[in-house]
Amino acid sequence: MRKLINSTYITLDGVIENPMWTSPYFDEEAASLAGAQTDEADAMLMGRATYDGMSVAWPQQDESDPNTGAAYFNNVKKYVASTTLTSPTWNNTEVLQGDLVEAVTALKAQEGRNIIQYGFGSVTAQLIRAGLVDEVRFWIHPVLEGAASLTVPLNDFKASFDLIDTRVHKSGVVVASYRPKVTA
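Figured I'd write up the structure that's included with this text. (Residues numbered from 1 in each chain as written. Predicted model: local features only at pLDDT ≥ 70, side-chain atom pairs only at ≥ 80, totals over all residues. Heavy atoms only, no water.)

1. Some remarks on the pairing of strand S6 (residues 135–141)
The criterion, for reference: Only protein chains enter the accessibility calculation, which uses a 1.4 Å probe; a residue is then buried when its area is under 20% of its type maximum, exposed when over 50%, and partly exposed in between. Working definition: helices are DSSP H or I runs of at least four residues, strands are E runs of at least two. Numbering for both runs from the N terminus. One bridge is not enough; two strands pair if DSSP finds at least two bridges between them.
Of all seven residues in S6, six are buried; the element is thus mostly enclosed. Across five bridges, S6 lies against strand S8 (residues 174–180) in antiparallel orientation. For Trp-139, the partnering residue across the bridge sits in S8 and is Val-175.

Written out as structure tokens, the structure reads:
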């Protein structure tokens, strides 16, 4: 069975939106880990808000430059959890139909490598509740943005995690990887 890996860039004050603040920290060490992450994934899953941001940004990047990651993001198979998106324009994108948990369960049962998910919001919360997220990687950046934390408030979402790995980069970024605890 494929693994679903959530990878979220986050500031010290919990901001994940518009991660332009990651640029000064995206050094060789971060690029290596990010590259390994995408090398291990042949599909990407996202909610509508993440799709709206990424589908505008990535097609503008130079795919011929291997340092941008654009060739991967623009060509990998993408799945969007949305009840309002009907005609995605980003290359190789499919909108999941029907029940989210059933659709992602079916995706995970397919042959293939990992499924990567960026951002942390209501889609991730639903999938953690359903036991479908195998790992959450928070890339904690040493910066305060002073904006609203998390894209979507998750008022009724509670979860516990087991720490499975930490990496401290020279830039000050800490990548903390967790496995969601299964609750009864």
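2. Structural notes on the packing of aromatic side chains
Put simply, the test is: Centres within 6.5 Å make a pair out of two Phe, Tyr or Trp rings, where for Trp the six-membered ring is used; the pair is then stacked when the planes are under 30 degrees apart, edge-to-face when over 60, and tilted otherwise.
This structure, assessed with the given rule, holds eight aromatic pairs. A ring pair is formed by Phe-161 and Tyr-178, whose centres lie 6.1 Å apart and whose planes are at 65°; its orientation type is edge-to-face. Taken together, the positions of Phe-161 in strand S7 (residues 161–168) and Tyr-178 in strand S8 put the pair 17 residues apart, joining distant regions of the chain. Connected via pairs of aromatic rings, a cluster forms that spans Trp-58, Tyr-72, Phe-73 and Tyr-118.

3. Some details on empty space enclosed by the protein
Counted only if it meets this: A pocket, in this scheme, is an open set of points on a 1 Å grid over the protein atoms alone with protein on both sides within 12 Å along at least 5 of 7 lines, while a cavity is a set where a 1.4 Å probe fits but cannot get out; residues line either one if an atom lies within 4 Å of a point. Grid points are joined across faces, edges and corners, and a volume is the space filled by probe spheres set on the points.
A complete count under the given rule lists one cavity of 30 Å³ or more for this structure. The computed volume of the largest cavity comes to approximately 30 Å³. Lining the largest cavity, in full, are Tyr-9, Thr-22, Tyr-25, Phe-26, Ala-30, Trp-139, His-141, His-169 and Val-173.

4. Some details on the pattern of salt bridges
Applicable threshold: In what follows, salt bridge is the name for a side-chain nitrogen of Lys or Arg lying within 4 Å of a carboxyl oxygen of Asp or Glu.
Per the counting criterion, the structure on display carries seven salt bridges. As a salt-bridge pair, Arg-2 and Asp-42 come within 2.5 Å of each other at their nearest N and O atoms. Pair noted here: Arg-2 is in the segment before strand S1 (4–11) and Asp-42 is in strand S2 (residues 41–47), with a separation of 40 residues, a long-range link. Residue Asp-42 is classed as partly exposed on the basis of its relative accessible area of 27%. We note a salt bridge from Arg-48 to Asp-52, for which the minimum N-O separation is 3.0 Å. Highlighted residues: Arg-48 and Asp-52, both in helix H2 (residues 48–57), separated by four residues, approximately one helical turn. Residue Arg-48 is classed as partly exposed on the basis of its relative accessible area of 29%.

5. A short note on the pairing of S1
Along S1, eight of the eight residues are buried, which leaves the element largely enclosed by surrounding structure. Across the two faces of S1 the burial is the same, with Leu-4, Asn-6, Thr-8 and Ile-10 and Ile-5, Ser-7, Tyr-9 and Thr-11 all buried. Pairing of S1 with S6 involves seven bridges; the strand directions are parallel. Bridge pairing in S6 places Ile-5 opposite Glu-135.

6. Some remarks on the layout of surface pockets
As a volume, the largest pocket reaches approximately 1,300 Å³. Lining the largest pocket are 41 residues, and of these Tyr-9, Pro-19, Met-54, Trp-58 and Tyr-118 lie nearest its centre. For the lining of the largest pocket, the elements supplying multiple residues, two or more each, are S1, helix H1 (28–39), H2, helix H3 (70–75), strand S5 (114–118) and helix H5 (122–129). When its volume is computed, the second largest pocket comes out at roughly 310 Å³. Around the second largest pocket, the lining is made up of 17 residues, and of these Ile-128, Gly-131, Pro-180, Lys-181 and Val-182 lie nearest the centre.

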